[in-house]
Amino acid sequence: MKLEGKRVLVFGAGISGIGAADLLCKVGACPVIYDGNDKQDPEAIRAKLEQPEKVEIILGELSEEARKTLNLVVMSPGVPTDLPIVDALRAQGLPIWGEVELAYQMGKGKVLAITGTNGKTTTTAMLGKIMGDYLDSVYVVGNIGTPYTSVALDTKEETVTVAEISSFQLETIQDFQPAVSAILNITEDHLNRHHTMEEYIHVKELITSNQTEDQVCVLNYEDDVLRAFGESGQVKAKVVYFSSLRELAQGIFLRGKEIVLRDGEKELVITTTDRLKILGRHNHENTMAAAAMAYYAGVPVKNIKESVENFVAVEHRIEYVTEKNGVVYYNDSKGTNPDAAIKGIQAMDRPTLLIGGGYDKQSSYEEWIEAFDGKVRYLVLIGQTREKIEETAHKCGFMNTILADNLEEAVKICAEKANKGDAVLLSPACASWGQFDNYEQRGRMFKEYVYALPEVDA
C-alpha cells in the first residue's frame, strides 16, 4: 500500500505510536494519533513528535465522522485488538496493521524474527551481536527497546534486521515475512489479553504464517506444543529444531558441554557451554536458537563461535549486580511470568532468598514454587499478587514467606536474613505495572537499593 497522502489512524500515544507517526510523516502520509484516554495532554504528545505540525491528535471519543475519513489503522502493541472501537474500524473495511507490519512494509533487506514466551530478549541480543559482528548494516529492533518503525527507512537491500516480536505485535501482521523465524517456547502468559491458551499459541505461531519453503523456522524440540506444530505440516518453511536434552539427527543440540549443529550433511561444534558468559540451561537454549538462526542466515561457524563466546548477559536477565557482605545479588526483573522465573531459580547454584510478586496477569504459581527444589530459603513478596502467591506457596508446603510493602523493604529484609554464601535474586514471576512503569525501572531500582545497602564489618 502506498501511504503518501493517506489518512492513517495511529491507535495509541505511547513510544510505539510516536514512532509510527514519525515514520508516516516521513513517507508523506497524514497521521492521526488517537488515544481513548482523554486525560492525556496533547501538547505533551506533540513534544515527542519529530514533525508535530503534520500530526492530528484525537483523545477520548473517535467519532463516526472521523472514522469515515481514514484509509488505514496502525495499532500500538499495548492496545487490545478486540476493543469495540477496533471492531468498528474493522467492520468499516479498514486494514488493521501493527507497528511491525508498518515498519516491514516500509523497510528493505532481510528480517530475522524471534518470538516465544521467554528468552526473546537474550536470544535477540545475541543474534544481533552475531549479525552485527559479521555484517555492516544490522539493526536490532522490537521489544528489545528500539521501535522497528524508527529504523525502517534507514534499511537497505543488504540490511539484516533482527527483531524481537511479542504476541501483541503478531496479532496485527499481514505480509510480515522473516527469512528466518524462531519460536523459543510457549508457556502460560498474557491470558488477560489473549483470553485462552489456544489463542495465545495461535498468535505465536503466526510468525511463520507468510514464510516460504526456502526460508527457515527454528523451534524448540523439548516444547510439546512447538514439536507438534513443527510436525503438523502447517509450517511451510524448513523446520530446524534445537534441544538441550537429546541429540537430534538434524538440528542443533547439547551433547555434554558441546553445542552441536547437524545440517543434514555435516556435524559442526559451535562452542562449549563452559566458554559462554551466560548461566543456565535456558541460556544454552537461547544460544542454540541464535546460533541456528545465524547459521541459516549465512554466517560461518567460526564467526558464530567468536560472537557467542563474547556475549554478556542482557541487563535484567539473571544479571550479576554485586556482592555485599558475602551475599551475591542478581537482577532478574525480566522474569515477568512464572516460567521465566523458574529459569531464574534454576540458574542459581547456592541458597537463595527470592523476591517475587507484582502485577496480576492471572498466572498460576504452583510450578514456580515447586521449582524451588530446596534452593530457596525465603520468599519475600511484594505487589498486587503477594497474598495470592503466599497462599499458593503455603498450599505447596513452602512456608518461609515474608510480605513486604515495597521493593526497597524487600531488599532490606533479604539482606538481614541472608547468610554469607547466599544469593538474593529478584525474579518476580509477575509484571511490574502498578508499582513501576516497566520491568527495566524495577530492575534499576533493585540495583540502586542493593548498592545502597551498608557494608558490615566482619
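Note that the coordinates shown come from a computational prediction; the quantities given were computed from them, not determined experimentally.

**Q** Now, about the overall build of the chain: what can you tell me, with residues and values included?
**A** Check the secondary structure of the chain and you find 17 helices and 20 strands. Computed over its C-alpha atoms, the radius of gyration of the chain comes to 23 Å, within 12% of the 23 Å expected for a compact globule of 458 residues. When each of the 458 residues of the chain is scored for burial, the buried share is 58%. A separation of at least 24 residues holds for 66% of the contacts in the chain among residues at least 6 apart in sequence. Per element, the accessible surface of the chain, about 19200 Å² overall, is 46% carbon and sulfur. In the chain, the 48 positive side-chain charges and the 68 negative ones have mean positions that sit 3 Å from each other.

**Q** Any details on the layout of surface pockets? Residues and values, ideally.
**A** For the second largest pocket, the calculated volume is near 360 Å³. Listed by contribution, the elements that provide at least two residues to the lining of the second largest pocket are helix 11 (281-296) and helix 13 (338-346). The element contributing the most residues to the lining of the second largest pocket is helix 13, with 4 residues. Of the residues in the lining of the second largest pocket, the class split is 2 nonpolar, 5 polar and 7 charged.

**Q** Tell me about the state of the cysteines, residues and numbers included.
**A** All chains considered together, the criterion is met by 0 disulfides. Left without a disulfide partner, C25 is nearest to the cysteine sulfur of C30, which lies 8.5 Å away. Left without a disulfide partner, C396 is nearest to the cysteine sulfur of C430, which lies 15 Å away.

**Q** Can you tell me about the sheet that holds strand 17 (residues 352-356), naming the residues and giving the values?
**A** The strands that make up a sheet are held in pairs by hydrogen bonds between backbone atoms, and each pair lies either parallel or antiparallel. Taken in spatial order, the 6 strands line up as 15-16-20-17-18-19 in an open sheet, and their pairing is mixed. Lying at the two open borders of the sheet, with one neighbouring strand each, are strand 15 (319-324) and strand 19 (401-403). Going from strand to strand, the sheet's axes swing by 20 degrees on average, the running direction of each strand aside. Taken together, the 5 bridges between strand 15 and strand 16 (residues 327-331) define a ladder with antiparallel strand orientation. In the sheet register, E319 faces strand 16, and the bridge partner there is N331. Contacting strand 18 (376-381) and strand 19, helix 15 (residues 386-395) crosses the sheet at an angle of about 165 degrees to strand 19.

**Q** Describe in detail the packing of helix 16 (residues 407-417) against helix 17 (residues 439-451), supporting the description with residues and values.
**A** Relative orientation of the contacting elements helix 16 and helix 17 amounts to 45 degrees, with a least axis distance of 10 Å. Here helix 16 is positioned oblique relative to helix 17, judged by the angle of their axes. The handedness of the crossing between helix 16 and helix 17 is right-handed. Within the contact between the two elements, helix 16 uses L407, E408 and V411 and helix 17 uses R442, M445, F446, Y449 and V450. Of the residues belonging to the contact of helix 16 with helix 17, the class tally is 6 nonpolar, no polar and 2 charged.

**Q** Tell me what's going on with unusual backbone geometry, and back it up with residues and numbers.
**A** Positive phi, close to 65 degrees, is recorded for Q362, a residue that is not glycine. Here Q362 shows up in the loop between strand 17 and helix 14 (366-370). Despite not being glycine, D373 shows a phi value in the positive range, around 50 degrees. Following the sequence through the fold, D373 ends up in the loop between helix 14 and strand 18. Since its relative accessible area comes to 64%, D373 is described here as exposed.

**Q** Describe the sheet that holds strand 6 (residues 110-115), naming the residues involved and giving the relevant values.
**A** With mixed pairing, the 9 strands of this open sheet are ordered in space as 7-8-6-9-10-11-12-13-14. Bordering the open sheet on either side are strand 7 (138-142) and strand 14 (267-272), each of which pairs with just one other strand. Ignoring which end each strand starts from, the neighbouring axes of this sheet average 20 degrees apart. Bridge analysis of strand 6 against strand 9 (residues 180-183) gives 4 bridges, and the strand direction is parallel. Across the sheet, residue L112 finds its bridge partner in strand 9, namely V180.

Rules behind the numbers
Residues numbered from 1 in each chain as written. Predicted model: local features only at pLDDT ≥ 70, side-chain atom pairs only at ≥ 80, totals over all residues. Heavy atoms only, no water. Helix = DSSP H or I, 4+ residues; strand = E, 2+ residues; numbered from the N terminus. Rg over C-alpha atoms; globule rule 2.2 N^0.38 Å. Buried < 20%, exposed > 50% of the residue type's maximum accessible area, 1.4 Å probe, protein only. Contact = heavy atoms within 4.5 Å. Areas by Shrake-Rupley, 256 points an atom, 1.4 Å probe, with all protein chains shown as cover. Lys, Arg positive; Asp, Glu negative; His and termini not counted. Charge placed at Lys NZ, Arg CZ, Asp CG, Glu CD. 1 Å grid on protein atoms, 1.4 Å probe; cavity = no way out; pocket = protein on both sides within 12 Å on 5 of 7 lines; lining within 4 Å. Points joined across faces, edges and corners; volume = space filled by probe spheres on them. Nonpolar A, V, L, I, M, F, W, Y, C, P; charged D, E, K, R; others polar. Disulfide = S-S within 2.5 Å. Pairing = 2+ DSSP bridges. Axes fitted to C-alpha atoms, helices over the stretch in contact; angles between N-to-C directions. Parallel < 35°, antiparallel > 145°, perpendicular 65-115°, else oblique. Left-handed = near helix turned anticlockwise from the far one by under 90°.

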